[in-house]
Amino acid sequence: MIRTEDIDQSILRGVDYLHQHQFPNGEFCVYMGFDDNLTHTIPYSNVFPTSLICYSLLHLRHLSKVKQMLELSSFFLQFQSMRAGVWNNFTSWNPLFKTCPADVDNTSCASKVLQELGKNYPENKSIILKNRNKLGLFYTWYTLRPNLIFDKNYWLLILREYKNPIKSFMFWHKFECSRNDIDAVVNANVLFYLGLDDNTKPLINYMINIIEQNKENDCDEWYRNPFSIYYFFSRNYKKAIVELEPLKKPLIDRIIETVKEDGSIGASILDTAFGVISLLNLNYYSLIIEDAVAYLIKNQQDYGNWQRWVVYYGGAKKLSCFGSEEFTTGFCLEALALYKETQDK
């Protein structure tokens, strides 16, 4: 059994690393590279990593340094909020901010963090619900498409791209996205933020069908790693959405199938963290998790961080990859914190 002091020490080292590497404005670093282990990279200014790292840190908010980081990042997220309480993938000082439309994924994840922290942000449920197709699934992008929506804020947000029509045209031409994208993780994150009600019921069968049909490798333009699908889907199961019960056994079985002799899960440190979190979210407990946690602790690096690895891609062709040590460290800390909670019960 892993000693409590070893877990605590690993958590504190990881927290120290993030505390030292958080930008003064509350943002966390992400890199763009061209392979999964991000060998050659350039820094990129995105909102999304900060939202996800902060959510992982919520499990450790009792620590003073984590409180400081969350407070600073909440100001960052509030500052990046756009009209009607939506968010863009890119920060307002990134050149692509002017041409990239706001999206439902960043909106849901940033909102969830601010909601959990009790911070103010514009009411945005209504504008999220306006961005659905006829089946009740959520479009990824806030962009122009035929509809009969009568809402001033909605149309001002949509027509924003026509301030730079040529650059907007090039954006849709250059990047691997389309106006009518429907992505699995995006919809799972909407469900996670808004909760289950009549408006989000269609997402249940949509998510279940993806797993039943073994489509987790190709159900989202941006999340091309099945372990990221397991992570985001399992967060909803943990919220006691009983309608997602059919997900439990296949997710557990598929994660366990990838366990290696050294205790790792999947192909990377990040997969191992995602695997631990997902199994615990699914109320699965065994020595597999203990071995995986031991593997995480053993492979923590000298400065308290964990190895960078791709978290999401720039499209289905995987031409660009996004991740950082900070990103991986956030998920590893979430895995350790959730495991520690099971030991403390």
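Let me sum up the structure you'll find in this document. What you see is a predicted model; the values in this text were computed from it and never measured.

1. Some thoughts on unusual backbone geometry
Generally, phi is negative for residues other than glycine and the peptide bonds are trans, each holding for most cases. Within the chain, A84 stands out as a residue other than glycine whose phi angle is a positive 65 degrees. As for its position among the elements, A84 is in the loop between α3 (64–80) and α4 (104–117). Within the chain, A240 stands out as a residue other than glycine whose phi angle is a positive 65 degrees. Structurally, the position occupied by A240 is in the loop between α10 (226–238) and α11 (245–256). Note on A240: relative accessible area 60%, which makes it exposed.

2. Overview of the sheet that holds strand β3 (residues 312–313)
Taken together, four strands build an open sheet; the order of strands is β2-β1-β4-β3 and the sheet is antiparallel. Edge positions in the open sheet fall to β2 (41–44) and β3, since each of these has one partner strand only. As defined by bridge partners, β3 adjoins strand β4 (residues 321–323) across two bridges and the pair is classed as antiparallel. Bridge pairing links Y313 to C321 in β4.

3. Details of the pattern of salt bridges
Under the definition given, this model contains 15 salt bridges. Between K119 and E71 there is a salt bridge; the shortest N-O distance is 2.9 Å. Taken as a pair, K119 in the loop between α4 and α5 (125–129) and E71 in helix α3 lie far apart in primary sequence, 48 residues in all. Relative accessible area serves as the criterion here: at 22%, K119 is assigned to the partly exposed category.

4. Some remarks on the state of the cysteines
Using the criterion set out here, one finds zero disulfides in the structure. Considering cysteine sulfurs only, C109 is the nearest to C219, which forms no disulfide, with 15 Å between them.

5. Description of the packing of helix α12 (residues 269–281) against helix α13 (residues 287–298)
The interhelical angle for the contact between α12 and α13, taken along N-to-C directions, is 145 degrees, at an axis separation of 10 Å. Once α12 is placed against α13, the crossing between them reads as left-handed. Across the interface between the two elements, I269, T272, A273, V276, L279 and L280 of α12 pack against I288, I289, A292, V293, Y295 and L296 of α13. Taken together, the residues of the contact of α12 with α13 break down into 11 nonpolar, one polar and no charged.

6. Some details on the packing of aromatic side chains
All chains considered together, the criterion is met by 18 aromatic pairs. Pairing Y55 with F192 gives two aromatic rings, centres 5.5 Å apart and planes at 80 degrees, and the pair type is edge-to-face. Pair noted here: Y55 is in helix α2 (residues 48–57) and F192 is in helix α8 (residues 184–194), with a separation of 137 residues, a long-range link. For Y55, a relative accessible area of 14% translates into the label buried. Chaining the aromatic ring pairs together yields one cluster made of Y44, F48, F90, Y223, Y231, F232, F274, Y312, F322, F327 and F331. Here R235 stacks its cationic end above the ring of Y55, 4.8 Å away from the centre of that ring. A cation sits over an aromatic face here: R308 above Y31, 4.5 Å from the ring centre.

7. Regarding the packing of α2 against α3
Following both chains from N to C, one finds α2 and α3 inclined at 150 degrees, their axes separated by 10 Å at the closest point. The angle between the axes of α2 and α3 places the two elements in the roughly antiparallel class. Read as a crossing pair, α2 and α3 show a hand that is left-handed. Across from T50, S51, C54 and L57 in α2, the residues of α3 making contact are V66, M69, L70, S73, F76 and L77. Of the residues contributing to the contact of α2 with α3, the split by class is seven nonpolar, three polar and no charged.

8. Details of the pairing of strand β1 (residues 30–33)
Burial along β1 is two-sided: the face carrying V30 and M32 and the face carrying Y31 and G33 are both buried. Pairing geometry for β1 and β4, over three bridges, is antiparallel. Paired with G33 across the two strands is C321, which belongs to β4.

9. Observations regarding the environment of L114
Relative to the elements of secondary structure, L114 occurs in helix α4. The exposure class of L114 is buried, given its relative accessible area of 0%. Spatially, the C-alpha atom of L114 lies 9.4 Å from that of Y55, the residues being 59 residues apart in sequence. Apart from residues no more than four positions distant in its own chain, L114 is found in contact with S74, L77, Q78, W87, K119 and Y121.

10. Considering the environment of N131
Mapped onto the secondary structure, N131 falls in the loop between α5 and α6 (152–158). A sequence separation of 11 residues divides N131 from Y142, and the C-alpha atoms of the two residues are 6.9 Å apart. Apart from residues lying up to four places away in sequence, N131 is in contact with V104, L137, F138, Y139, T140, W141, Y142, R145 and Y154. Engagement of the side chain of N131 in a polar contact is seen with the side chain of R145, the distance being 3.1 Å.

Cut-offs applied
Residues numbered from 1 in each chain as written. Predicted model: local features only at pLDDT ≥ 70, side-chain atom pairs only at ≥ 80, totals over all residues. Heavy atoms only, no water. Helix = DSSP H or I, 4+ residues; strand = E, 2+ residues; numbered from the N terminus. Buried < 20%, exposed > 50% of the residue type's maximum accessible area, 1.4 Å probe, protein only. Pairing = 2+ DSSP bridges. Salt bridge = Lys/Arg side-chain N within 4 Å of Asp/Glu carboxyl O. Disulfide = S-S within 2.5 Å. Axes fitted to C-alpha atoms, helices over the stretch in contact; angles between N-to-C directions. Left-handed = near helix turned anticlockwise from the far one by under 90°. Contact = heavy atoms within 4.5 Å. Nonpolar A, V, L, I, M, F, W, Y, C, P; charged D, E, K, R; others polar. Phe/Tyr/Trp six-rings, centres within 6.5 Å; stacked < 30°, edge-to-face > 60°. Lys NZ or Arg CZ within 6 Å of the ring centre and 35° of its normal. Parallel < 35°, antiparallel > 145°, perpendicular 65-115°, else oblique. Polar contact = N/O pair within 3.5 Å; in protein donor to acceptor, adjacent residues only side chain to side chain.

No statement about biological role is implied by the geometric values presented.
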